[in-house]
Amino acid sequence: MAPPPLAAVILLILAVSGASHPLAQGLDSSPAGADALASSPFDEALAALQKQIGYAFRSPDLLRRAMTHASYSRENGRALAVLGLATSQSAAALRALAADRDASASAVARAARDAAGEAACAAAGARAGIPSIVRVAGGTKASAAPVVCGALRALVGAVAVDNGTADAAGEVFWRLQVLPAAPATAAM
Ligand SMILES: *[C@@H]1O[C@H](CO)[C@@H](O)[C@H](O)[C@H]1NC(C)=O
């Protein structure tokens, strides 16, 4: 982790000390400056998303990574999405067999495929407001199904890693399936 930039540290000290120091005029004359340090729109969207999915991250960095597309940064959600897909399939297969222990292999496979497939996944991601949260490079559409779906799977995987269990991730996965259409911006 990089240390905070020196200017940010100075601004913070000045904000705490009432910004009466003469240096304050040169560095920051607007009261909004201190607020801007506190949180970015991305961080606010991540906070709203956590409320929406009913899970608070111990390591918010995992959530940041999940909501970052490979086009944007080398530190992205791709590996988390692999885990998220497997976890979603596992949750769907478990639900199918818990409902009917005599379910056929093809019925269980279909349940896993349908619940975790790209169509359901992209729809759930859109309801969660992921297109307006996920960070992509210019030229990549944040609302494209593979992007939304990848981010949603990464979110489920991130919960599993953060929690150390697949159970919490399975719960979030099912909650995501029944979320009402409410973009993160409306959840504030
Ligand atoms: C895992 O998730 C559950 C349900 O959200 C929570 O109660 C528990 O504290 C979490 N455990 C860890 C280690 O994060």
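The rules behind the values
Residues numbered from 1 in each chain as written. Predicted model: local features only at pLDDT ≥ 70, side-chain atom pairs only at ≥ 80, totals over all residues. Heavy atoms only, no water. Helix = DSSP H or I, 4+ residues; strand = E, 2+ residues; numbered from the N terminus. Buried < 20%, exposed > 50% of the residue type's maximum accessible area, 1.4 Å probe, protein only. Contact = heavy atoms within 4.5 Å. Areas by Shrake-Rupley, 256 points an atom, 1.4 Å probe, with all protein chains shown as cover. Near = heavy atom within 4 Å. Polar contact = N/O pair within 3.5 Å; in protein donor to acceptor, adjacent residues only side chain to side chain. Nonpolar A, V, L, I, M, F, W, Y, C, P; charged D, E, K, R; others polar. Axes fitted to C-alpha atoms, helices over the stretch in contact; angles between N-to-C directions. Parallel < 35°, antiparallel > 145°, perpendicular 65-115°, else oblique. 1 Å grid on protein atoms, 1.4 Å probe; cavity = no way out; pocket = protein on both sides within 12 Å on 5 of 7 lines; lining within 4 Å. Points joined across faces, edges and corners; volume = space filled by probe spheres on them. Salt bridge = Lys/Arg side-chain N within 4 Å of Asp/Glu carboxyl O. Disulfide = S-S within 2.5 Å.

Another aspect to go through is the overall build of the protein. Assigned secondary structure in the protein consists of 10 helices and zero strands. Taking all 188 residues of the protein together, 37% fall into the buried category. The long-range fraction of contacts in the protein, counting pairs at least 24 apart against all pairs at least 6 apart in sequence, stands at 66%. When the accessible surface of the protein is summed, it comes to about 10,600 Å², and 60% of that surface belongs to carbon and sulfur atoms.

This paragraph deals with the site of the ligand. As a matter of local geometry, the ligand sits amid Tyr55, Arg58, Asn163 and Ala168. Arg58 is positioned with one of its side-chain polar atoms (N or O) 2.7 Å from an oxygen atom of the ligand. The separation between an oxygen atom of the ligand and a polar side-chain atom of Asn163 is 2.2 Å. Contact with the protein chains covers 50% of the free accessible surface of the ligand, which is 360 Å². Of the residues that constitute the shell around the ligand, the class distribution is two nonpolar, one polar and one charged.

How two helices pack is summed up by the angle between their axes together with the distance between the axes. For the pair helix α8 (residues 118-127) and helix α9 (residues 145-163), interaxial distance at closest approach is 8 Å and the crossing angle is 80°. Taken as axis vectors, α8 and α9 run roughly perpendicular relative to one another. The residues of α9 that touch α8, namely those facing Glu118, Cys121, Ala122, Ala124, Gly125 and Ala126, are Ala145, Pro146, Val148, Cys149, Leu152 and Arg153. In the contact of α8 with α9, the residues fall into nine nonpolar, one polar and two charged.

It is worth spelling out empty space enclosed by the protein at this point. Summed over the entire model, instances satisfying the criterion amount to one cavity of 30 Å³ or more. Approximately 50 Å³ is the volume found for the largest cavity. Around the largest cavity, the lining residues are Leu85, Ser88, Ala115, Ala116, Cys121, Leu152, Arg153, Phe173 and Gln177. For the lining of the largest cavity, the secondary structure elements donating two or more residues are α6 (78-99), α7 (105-116), α9 and α10 (166-177). Considering only residue class, the lining of the largest cavity consists of six nonpolar, two polar and one charged.

Here we come to the environment of Ala166. Looking at the element boundaries, Ala166 is found in helix α10. In this structure Ala166 comes out as partly exposed when scored by relative accessible area, which is 45%.

The next point concerns the pattern of salt bridges. A complete count under the given rule lists three salt bridges for this structure. One salt bridge connects Asp43 with Arg64, and the closest N-O pair in it is separated by 2.4 Å. Remark: Arg64 occurs in helix α5 (residues 60-66) and Asp43 occurs in helix α4 (residues 41-53); sequence separation between them is 21 residues. Of the residues examined, Asp43 reaches a relative accessible area of 29% and is grouped as partly exposed. The shortest N-O distance in the salt bridge between Glu75 and Arg65 comes to 3.6 Å. Taken as a pair, Glu75 in the loop between α5 and α6 and Arg65 in helix α5 lie far apart in primary sequence, 10 residues in all. Judged by relative accessible area, Glu75 falls into the partly exposed class, the value being 46%.

Enumeration over the complete set of coordinates arrives at one disulfide. A disulfide bridge connects Cys121 with Cys149, and the sulfur atoms are separated by 2.1 Å. Judged by the torsion about the S-S bond (120°), the Cys121/Cys149 disulfide is right-handed. On the criterion of sequence distance, the pair formed by Cys121 in helix α8 and Cys149 in helix α9 is long-range, its members being 28 residues apart. Assigned by exposure class, Cys121 and Cys149 land together as buried.

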